[in-house]
Amino acid sequence: MPSPALDITGLRRARYRGLPKVRLQHAFSATAINIIRLDAHWTDRPLGRQRTSRLERLAYELTA
């Protein structure tokens, strides 16, 4: 499953060339993710779908 960092910021590939620019891009991306998490925490809104294991999904299907 892709991480939220990949979904939100597209960190799979760097947009810029050169280590200092890439570091800055990662710092800004991490800051953006943390702001989104803080907003979700302050508004009591979940971030999105919760991860469940295959075993847990199978147990849910068997009980339903």
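Rules and cut-offs
- Residues numbered from 1 in each chain as written.
- Predicted model: local features only at pLDDT ≥ 70, side-chain atom pairs only at ≥ 80, totals over all residues.
- Heavy atoms only, no water.
- Helix = DSSP H or I, 4+ residues; strand = E, 2+ residues; numbered from the N terminus.
- Buried < 20%, exposed > 50% of the residue type's maximum accessible area, 1.4 Å probe, protein only.
- Areas by Shrake-Rupley, 256 points an atom, 1.4 Å probe, with all protein chains shown as cover.
- Expected span 1.5 Å × (residues − 1).
- Patch = residues over 30% accessible without salt bridge, like charges linked within 9 Å, V, L, I, M, F, W, Y side chains within 5 Å.
- Salt bridge = Lys/Arg side-chain N within 4 Å of Asp/Glu carboxyl O.

**Here's the deal with the overall build of the chain**
Working step 1: The secondary structure content of the chain amounts to three helices and zero strands.
Working step 2: Start at the N end of the chain and walk to the C end: the helices and strands fall as α-α-α.
Working step 3: For the chain, the proportion of its 64 residues judged to be buried stands at 9%.
Working step 4: Summing over all exposed atoms, the chain offers an accessible surface of approximately 6100 Å²; the carbon and sulfur share of this is 58%.

**Description of helix α2 (residues 19-42)**
Working step 1: For α2, which comprises 24 residues, the first-to-last C-alpha distance of 34 Å matches the rise-based estimate of 34 Å (1.5 Å per residue) to within 8%.
Working step 2: When α2 is considered as a whole, its buried residues turn out to be Val 22, Gln 25, Ser 29, Ile 33 and Ala 40.
Working step 3: The first or second residue beyond α2 is Asp 44, which carries a positive phi of 55°.

**Considering a nonpolar patch on the surface**
Working step 1: On the surface, a nonpolar cluster with roughly 350 Å² of combined accessible area is contributed by Leu 55, Leu 58 and Leu 62.
Working step 2: With respect to the helices, strands and loops of the structure, Leu 58 is situated in helix α3 (residues 54-63).
Working step 3: On the accessibility criterion, Leu 58 (45% relative accessible area) is partly exposed.

In short, geometric facts, not functional conclusions.
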